[in-house]
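Understanding the architecture of this molecule
Given next are the chains, with one letter for each unit.
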Amino acid sequence: MPNAEFFLVFATAPILPFDAGAIAVDQRVRSLQIRVSTMDLRIATVGIQAALDIKGDYSPGISKR
């Protein structure tokens, strides 16, 4: 079972909105017809809008640009 520290990380983590800016990025990326699942695309577009570097399978993690 996870300890209290584990839950504290999630309780204090900032939440990025899927707002109008992210929706605009989402629509631009969808127009490229890249094959990606809907939730992965939404996560990526929120990150792009927030100027985050989204890393793939071989370099895991998300970092601020």
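This report concerns the structure included in the present document. Here the residue numbers are simple positions, counted from 1 along each chain's written sequence. For a predicted model such as this one, the threshold for reporting local features is a pLDDT of at least 70, and the threshold for listing and counting side-chain atom pairs is 80 or more; totals across whole chains, interfaces and linings nevertheless cover every residue. Think of the side-chain values as coming from all heavy atoms in the structure, minus any hydrogens and water.

1. Some remarks on the side chain of Thr-45
Numbering of helices and strands runs from the N terminus; a helix is a DSSP stretch of H or I covering at least four residues, while a strand is a stretch of E covering at least two. By secondary structure assignment, the location of Thr-45 is in helix α3 (residues 38-49). Residues are treated as being in contact if the distance between any of their heavy atoms lies within 4.5 Å. Not counting residues within four places of it along the chain, the set of residues in contact with Thr-45 comprises Phe-18, Ala-22, Val-25, Asp-26 and Val-29.

2. What to know about the pattern of salt bridges
We count a salt bridge whenever a side-chain nitrogen from Lys or Arg sits within 4 Å of a carboxyl oxygen from Asp or Glu. Overall, the coordinates contain one salt bridge when judged by the stated rule. A salt bridge links Arg-30 to Asp-26; the nearest nitrogen and oxygen atoms lie 2.8 Å apart. One end of the pair, Arg-30, and the other, Asp-26, are both in helix α2 (residues 20-31), four residues apart, so they sit about a helical turn from each other. A relative accessible area of 40% means that Arg-30 is categorised as partly exposed. Residue Asp-26 is classed as buried on the basis of its relative accessible area of 7%. Relative accessibility decides the category of a residue: with a 1.4 Å probe and only protein chains considered, values under 20% of the type maximum give buried, values over 50% give exposed, and everything between is partly exposed.

3. With respect to the packing of α2 against α3
Only the contacting stretch of a helix is used when fitting its axis, a line to C-alpha atoms as for every element, and angles between N-to-C directions run 0 to 180 degrees. At a minimum axis separation of 8 Å, α2 and α3 run at an interaxial angle of 125°. Taken as axis vectors, α2 and α3 run oblique relative to one another. Here α2 runs over α3; the crossing is right-handed. From α2, Gly-21, Ala-22, Val-25, Asp-26, Val-29 and Arg-30 reach across to α3, where they touch Thr-38, Leu-41, Arg-42, Thr-45, Val-46, Ile-48 and Gln-49. When grouped by side-chain class, the residues that make up the contact of α2 with α3 number six nonpolar, four polar and three charged. Angle categories: roughly parallel below 35 degrees, roughly antiparallel above 145, roughly perpendicular from 65 to 115, and oblique for all the rest. Definitions for this section: a left-handed crossing has its near helix turned counterclockwise from the far helix by less than a right angle. A right-handed crossing has that turn clockwise. Gly counts as polar in this scheme, as do all residues outside two lists: the nonpolar Ala, Val, Leu, Ile, Met, Phe, Trp, Tyr, Cys and Pro, and the charged Asp, Glu, Lys and Arg.

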